[in-house]
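# Overview (structure and organization)
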Amino acid sequence: MTDARTIAVGGFQHETNTFAPHLAPFENFERADSWPGLSSGQELIDVMQGLNIPLAGFIESAQQQGHQLLPLCWCAAEPSSYVTRDAFERVSDLICGGLRASQSLDAVYLDLHGAMVTEHYEDGEGELLRRVRQIVGPAIPVVISLDLHANVTAAMVEHSDAMTIYRTYPHLDMALSGARACELLEPLLAGHTLHKAMRKIPFLFSLTSQCTDFEPCKSIYAPLESISLRPGMSNIDFATGFPPADIAECGAAVVAYGVDPETVEAAADALYQQVLDDEADFTFETFSSDVAV
């Protein structure tokens, strides 16, 4: 375990269907629905207690390790079309403003979705992370967690030091993913650099083919934890992508991290090849309306 550190925490969640008719304005992020409304300061820490949300899992793990938390803000809106320019800028300002105001900071954790598209940015998370990195500089570790349906982009990988992704669909392991992100921070806080590897999958597949209780995803996800525990590895994950977000970098991806570049690259290559080999199995039976009813 590393010495206790100060970690800024926050989150900004939206799954964007660019074909949908209704935008996501700021008030949608303020409003509480199945998840809490926009929260900041101590309220953010309090409202997360016991929830199956990535930030809740991170907070619990970080507190158990004695870290000091600097709450920024957290919010989410129900899936819809583009996040408005106003909403993105206002929430980003809350997160970035908190970082600018911090007197002492050792790391940043952000609970993100990975498929946010805004009126002015195709890659909402990548742009937010670019701004965060610009504020904290290259030496402060930035770790994120993403939804299984993330469209992982080059900017997300570039501007973060490590990421982890949900491994279940339906999403049962959201808090566990946040705790895993906290674990990923430990070698970074100890001064180690994690090698990054990303492989984008060259085909799209439907959300109905992405359930982790069935093949091919069942066999893809089953070994991820054990692979992550190999010497030289810190984490490996597979994001299935979110095809309804019609952006240039839409699609599934493999991401891997660890202290040994050769081990990380080999693990990423093997998982990538497994997904390619399973391409024909990412299918589903389409029922007629009569049969479906």
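Just above sits the structure.
A brief structural summary. (Residues numbered from 1 in each chain as written. Predicted model: local features only at pLDDT ≥ 70, side-chain atom pairs only at ≥ 80, totals over all residues. Heavy atoms only, no water.)

## Here's the deal with the overall build of the protein chain
Filter applied, for reference: Per the convention used, a helix needs a DSSP run of H or I reaching at least four residues, while a strand needs a run of E reaching at least two, with both numbered from the N terminus. Here the globule rule reads 2.2 Å times residues to the power 0.38, and the radius of gyration is calculated from C-alpha atoms. Burial here depends on accessible area, computed with a 1.4 Å probe over protein chains only, as a share of the maximum for the residue type. Under 20% is buried, over 50% is exposed, and the range in between is partly exposed. Here, residues are in contact when the closest pair of their heavy atoms is within 4.5 Å. Residue exposure ignores everything except the shown protein chains as possible cover, and the areas themselves are Shrake-Rupley values with a 1.4 Å probe. Only four residue types enter the charge count, namely Lys and Arg as positive and Asp and Glu as negative; His and the chain termini do not. Where a charge lies is defined by one atom per residue type: Lys uses NZ, Arg uses CZ, Asp uses CG and Glu uses CD.
Of the regular secondary structure elements, the protein chain holds eleven helices and nine strands. What you see for the protein chain is a C-alpha radius of gyration of 18 Å, in line with the 19 Å of a compact globule of 293 residues. Dimensions of the protein chain, computed from the C-alpha atoms along their principal axes, are close to 60 × 45 × 35 Å. Every one of the 293 residues in the protein chain was classed for burial, and the buried ones make up 56%. Look at the contacts in the protein chain between residues 6 or more apart in sequence, and 76% of them connect residues 24 or more apart. When the accessible surface of the protein chain is totalled, it reaches about 12,400 Å², and 52% of it is carbon and sulfur. For the protein chain, the distance from the average site of its 15 positive side-chain charges to the average site of its 41 negative ones is 6 Å.

## A closer look at the side chain of Ser209
Within the fold, Ser209 resides in the loop between strand S7 (195–200) and helix H8 (217–221). Sequence-distant contacts of Ser209, defined by excluding residues within four places in its chain, comprise Cys217, Phe282, Thr283 and Phe284.

## Some points on the nonpolar core
Just so we agree on the cut-off: In plain words, nonpolar cores are sets of buried Ala, Val, Leu, Ile, Met, Phe, Trp, Tyr and Cys residues tied together by side-chain atoms within 4.5 Å.
Formed by 64 residues in total, the largest nonpolar core has its most connected members in Phe12, Phe58, Val108, Leu110, Val152 and Met163. Excluding its chain neighbours within four sequence positions, the residues that come into contact with Val108 are Ile7, Ala8, Leu99, Val132, Val136, Ile140, Pro141, Val142 and Val143. Membership of the second largest hydrophobic core comes to 24 residues, among which are Ile201, Cys217, Val264 and Ala267.

## Here we look at the environment of Thr18
Positionally, Thr18 belongs in the loop between strand S1 (6–13) and helix H1 (26–30). Residue Thr18 is classed as buried on the basis of its relative accessible area of 12%. With 111 residues separating them along the chain, Thr18 and Leu129 place their C-alpha atoms 21 Å apart. If near-sequence neighbours (up to four positions away) are discounted, Thr18 is found in contact with Ser81, Tyr82, Val117, Pro244, Ala245 and Asp246.

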